[in-house]
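Observations on the model geometry
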There are 4 protein chains.
Amino acid sequence: MEELLKTIIDNNRIWTKHGKVASYIPELAKANPDALGIHIFDLECNEFYAGDYETAFTIQSVSKVITLICALIDKGKEAVFSKVGTEPSADPFNSIIKLETRNSHKPLNPFINAGAIACTSLVSGDNGIEKFERVIEMVKKMANNPNIQVNFNVYQSEKLTGNTNRAIAYYLKGANIIERDVEDVLDAYFKLCSIEVTVKDVATIAAVIANGGITPWSNERIVPKEVNQIVQAIMMTCGLYDASGEFAVKIGVPSKSGVGGCIMSVVPKKMGIAVVGPALDESGNSIGGKKVLEELSEKLNLSIF
Amino acid sequence: MEELLKTIIDNNRIWTKHGKVASYIPELAKANPDALGIHIFDLECNEFYAGDYETAFTIQSVSKVITLICALIDKGKEAVFSKVGTEPSADPFNSIIKLETRNSHKPLNPFINAGAIACTSLVSGDNGIEKFERVIEMVKKMANNPNIQVNFNVYQSEKLTGNTNRAIAYYLKGANIIERDVEDVLDAYFKLCSIEVTVKDVATIAAVIANGGITPWSNERIVPKEVNQIVQAIMMTCGLYDASGEFAVKIGVPSKSGVGGCIMSVVPKKMGIAVVGPALDESGNSIGGKKVLEELSEKLNLSIF
Amino acid sequence: MEELLKTIIDNNRIWTKHGKVASYIPELAKANPDALGIHIFDLECNEFYAGDYETAFTIQSVSKVITLICALIDKGKEAVFSKVGTEPSADPFNSIIKLETRNSHKPLNPFINAGAIACTSLVSGDNGIEKFERVIEMVKKMANNPNIQVNFNVYQSEKLTGNTNRAIAYYLKGANIIERDVEDVLDAYFKLCSIEVTVKDVATIAAVIANGGITPWSNERIVPKEVNQIVQAIMMTCGLYDASGEFAVKIGVPSKSGVGGCIMSVVPKKMGIAVVGPALDESGNSIGGKKVLEELSEKLNLSIF
Amino acid sequence: MEELLKTIIDNNRIWTKHGKVASYIPELAKANPDALGIHIFDLECNEFYAGDYETAFTIQSVSKVITLICALIDKGKEAVFSKVGTEPSADPFNSIIKLETRNSHKPLNPFINAGAIACTSLVSGDNGIEKFERVIEMVKKMANNPNIQVNFNVYQSEKLTGNTNRAIAYYLKGANIIERDVEDVLDAYFKLCSIEVTVKDVATIAAVIANGGITPWSNERIVPKEVNQIVQAIMMTCGLYDASGEFAVKIGVPSKSGVGGCIMSVVPKKMGIAVVGPALDESGNSIGGKKVLEELSEKLNLSIF
């Protein structure tokens, strides 16, 4: 298996030349554009990895998955889906307010910024700090890694340049989607995007979801069955911005990407996979990561269709 | 099983009161709004049915699945996806041209009208009649029913009132997405929408897809493996208009609806399901049919997530 | 003349029953929906009035005209139009960010909220208080009334409920259209909307513009000729939200409306007119005021076309 | 005066290098991109011209003004404005269906293609030929030139490549905005766009409008006063596609442009002006023509504001 992963990484590293590292957050622009790494965590707790698997990166939008899980556990699906929709958007990842909302101003889904900010405000906690703590504790538990923490420089950079997210949050407040202090909610949101991880962490999180919400290493249920199912469905239809449909066709497993260059993929009842490659395509997805997953899915016949 | 189906139909028939039969095509308005029926065809060729399973109805947008299959077989995925995208649309089913296209004027996906008209023009055949024959032959083969034919009155009605589809087709021609005589392509498209079927026919078609493209009754491959996989992925992300995301969350299997009131669902490696209920919700999906599938999916644990 | 004005007010008061007082700012909802008044100030300094001409109301979007004048005087047309466009918008008055901007994220014109917030930030002054003082001083000068002041309750109400404007302002900051502290600029903007006036004040302002930028009472130039011309052109094409075109057809003079119920009309080289009627139509324009101006324009042949 | 015109043409000819001749209709691509000419017809019947004033060109969208005049005369303003709006659009000239319509699917205004096609269908006549004859007779009368005729090659080229207009027309038919045979209406529309004229013809037409609808040469009313006023108002707000607002600011007189390179300007109570310059800017307006009118308006103080 590790031989296979090594070959696939080598085959696709050339693609990193065709993408660009995210630059709208200055701190992200410092990432190594040539990096490409993969980690697999299967349900028998075997681990396989290749390439730049040791690279640390910020989790960015992959955190939206765990925020959604926490919001669903804390408030229930009725409450969450009264504030956020479940429909994919055909708009680019940087589209703004109007395009991210529809009737009744509900964000289209939990994986666009507007939806994730709304979910952050739904997570249990009296203030932004408590909400952040709630989600990062879940990240640590799912990743089986108590040492995960925020990259402070990225957090500062996000906060300093996050005016479009501020615009979204105030719009949501004006539409009664979020109710509390906007800066407090945003502070939690920016911290969650800035959590620093490795592909091993993310593959472990994915393995919990692939295992139905139960940790493969200790057989403990940490995500309720129904929540786990909902999250996978939304990953399938909305996980890769406006390339989610193409990803379903080409790779065919529930996934979520982040502008830090990570893609997390869940192969139900088989394994969790994480790739990282900071060079992004026009949709904001890791260009090398997508190619790696495409070849891997084909060779291992991973598509659920 | 038939007991279960009967119970589920009875439980949900009340929902038909909350929907409306499609009326933009006058002939469709004649359907019985109270009807609700289901048919299951499993991969051991067992059949189960309940409710108004004998009702005949026109296939409408469910035909887009078979048209896509034929286009992919006849022209290959590169050619098809150079003319039609694979991304879900958040727009309502009756949205028009601009909202159904993006960069390079490509229709967003094969299951909106613009995309299906483009796929119709890609199917093999020197003219509209040959293209229609190509697709209806595939419908008969997949449904294992050589007697399937067009409902002439619906076809006439579609053709007479199809000016929005004409607008779409001329727009596609202006954008070089389709190249031939617009009326000729539309004539094939209108006929394909007007094919008359029962839930048994549609469930049989779904069973072929659920079986990987191979007929469960004669073990014959009629859809290539890769095509079968692509079609299921697009059904999952785009099959129920702007309620596709919600459907993935609540039912969780690749499906396609039509304004005739049918929903076809594919449970991979298990069974094909078809429901019919002409009363539609605001998204244009069978309101009773969705509820029946929701209860069935929960009770039989059908979701692929 | 006063006889004519009285008749026109009487003829059209019935229309106030068909509109609704603005309610999104709670304090505005307290206005008298039946009020209807008019004041004319001609270039020989004759004044005519009828109806509820004594009603005090907040100037709301009519202040955008004076803000634009100040921005053009203080920064010059090149600087202003590098940040704000001059094109009418077909979107409703409450449309939000995306619909109010185009390429390079420039607000479409100075009379939508996004454009007026950008103009407020362009006005001279080191902070929001100085910018506010700059514009209200111009309002007092043009209205020939040193006693004009802010309605404190409306200002508080605007500030408390202004989250959509906050969203717009942060979006503009993210797009580098405005550069300073968002809350500081918004504070000036909310105060400017809350300036309390009567139709006499507004008709006097309009008379200055009608007189080419020169006060009819003291023959003093207070608006440069070119600025005066630009402002009238934009009032003509963008002054009544998405009913600007209809207004040009039916009344035919440069005008600007506000959700407080005022419409200010400039009849070049003839007179300034102000009407007030807090009951608004769907576009956000005074329903009675529009009808009064329509009859007046027809009877006095005021259209410039 | 002719000296002035010559100087202005010379000053601005350089701008033609920065534009591009319309190419979506192949026959239009043959125009000379360097041409730049002007003709003025004042209300004392003096004529002044300079530059390439002898160039023949097709009238294109300038015909929309005369079509609107005929529709208003033949059906009355209520009937016309029940089918077509009067609001400017911020969308580019080649925007399509959805963006050209709003509630109830009414085209936004009579000067976008959708609105002009609707107006063509409203003109008196039992069929496309009679409607065409109705409008071209008005063109000849207003231009005081009985020899005006259609450029057959351009007409053929428009008809052959007019699929986007076909899309618009079928969409309007589907929305019950037009009722008759689509190809028949389009045939009249394509012919009207293909009428061949010179700047002398267009300046003469403009002079009739500038004179309140009365021919300056024979003192004959050919456009009713109210129709004349409506048409000027719509030219002011919608005449130059999505640059109408900028044109109002910079030139300040009711105008209409066409992709053949002509701009017709009406200076009320003073003169009619026509410029031609086939090199267009990004909005589809003559790039040299706009600059010529800008300088002329400044030097002669033509703005109505």
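Residues numbered from 1 in each chain as written. Chains lettered and ligands numbered in written order. Predicted model: local features only at pLDDT ≥ 70, side-chain atom pairs only at ≥ 80, totals over all residues. Heavy atoms only, no water.

**Describing the relation of the copies chain A and chain B**
The two copies are related by a screw motion: chain A maps onto chain B through a turn of 180° and a shift of 0.0 Å along the axis, at an RMSD of 0.0 Å. Put plainly, the chains are arranged around a two-fold axis. For chain A, the minimum C-alpha distance to the rotation axis belongs to Thr237 of chain A and amounts to 2.6 Å. When the interface residues of chain A are mapped onto chain B, 100% of them again fall at the interface, so both copies present the same face. (Least-squares fit on C-alpha atoms with pLDDT ≥ 70 in both. Contact = heavy atoms within 4.5 Å.)

**Overview of the sheet that holds strand β2 (residues 37–42) of chain A**
Residue and element names in this part refer to chain A. The sheet built from five strands is open, its strands ordered β3-β2-β9-β8-β7 with antiparallel pairing. Strands at the two margins of the open sheet, each flanked by one partner only, are β3 (47–51) and β7 (255–257). Each strand of the sheet is rotated relative to its neighbour by a mean of 10°, with strand direction disregarded. Examined bridge by bridge, β7 and strand β8 (residues 262–267) share three bridges and lie antiparallel to one another. When the sheet's bridge partners are listed, Ser255 is paired in β8 with Ser265. The sheet strands contacting helix α1 (residues 2–12) are β2 and β3, and the helix crosses β3 at an angle near 30°. (Pairing = 2+ DSSP bridges. Helix = DSSP H or I, 4+ residues; strand = E, 2+ residues; numbered from the N terminus. Axes fitted to C-alpha atoms, helices over the stretch in contact; angles between N-to-C directions.)

**Concerning the UniProt feature "binding site: substrate" (unreviewed entry) in chain A**
All names here are of chain A. Per the UniProt entry, the sites bearing "binding site: substrate" (unreviewed entry) are Ser61, Asn113, Glu158, Asn165, Tyr189, Tyr241 and Val259 in this numbering. For Glu158, the position within the fold is in helix α7 (residues 152–161). Relative to the elements of secondary structure, Tyr241 occurs in the loop between α11 (225–238) and α12 (244–250). Among the polar contacts made by the side chain of Tyr241, one reaches the side chain of Ser61 at a distance of 3.1 Å. (UniProt positions renumbered as here; feature names shortened; annotations may be inferred. Polar contact = N/O pair within 3.5 Å; in protein donor to acceptor, adjacent residues only side chain to side chain.)

**With respect to the nonpolar core**
Core analysis: the biggest nonpolar cluster contains 410 residues, and Met142 of chain A, Met142 of chain B, Met142 of chain C together with Met142 of chain D have the highest contact counts within it. When near neighbours in sequence (up to four residues on either side) are disregarded, Met142 of chain B contacts Ile66, Ile69, Thr204, Ile205, Val208, Ile209, Trp217, Ile222 and Val223 of chain B. (Core = buried A, V, L, I, M, F, W, Y, C linked by side-chain atoms within 4.5 Å. Buried < 20%, exposed > 50% of the residue type's maximum accessible area, 1.4 Å probe, protein only.)

**Things to note about the environment of Pro26 of chain B**
Residues and elements named next belong to chain B. Turning to its location among the elements, Pro26 is positioned in the loop between β1 (20–21) and β2 (37–42). With 132 residues separating them in the primary sequence, Pro26 and Glu158 have C-alpha atoms 8.4 Å apart. Not counting residues up to four positions away in its chain, the partners in contact with Pro26 are Ser157 and Thr161.

**Here's the deal with the relation of the copies chain D and chain C**
Between chain D and chain C, which share one sequence, the superposing operator has a rotation angle of 180° and an axial displacement of 0.0 Å; the RMSD is 0.0 Å. Interface residue correspondence from chain D to chain C reaches 100%, placing this contact among same-surface, isologous pairings.

**Some remarks on the interface of chain D and chain C**
The interface is formed by 28 residues belonging to chain D together with 28 residues belonging to chain C. Summed over both partners, the interface of chain D with chain C buries about 2,400 Å², with 61% contributed by carbon and sulfur atoms. Broken down residue by residue, the surface that chain D buries against chain C is led by Ala90, Val249 and Phe305 of chain D, which jointly contribute 27%. Viewed at the interface, chain C and chain D are joined by eight residue pairs in polar contact (both at pLDDT 80 or more). Of all the secondary-structure elements, those providing two or more residues to the side of chain D that touches chain C are α11 (225–238) and α12 (244–250) of chain D. Taken together, the residues of the side of chain D that touches chain C sort by class into 14 nonpolar, nine polar and five charged. (Buried area = accessible area lost by both parts, 1.4 Å probe. Nonpolar A, V, L, I, M, F, W, Y, C, P; charged D, E, K, R; others polar.)

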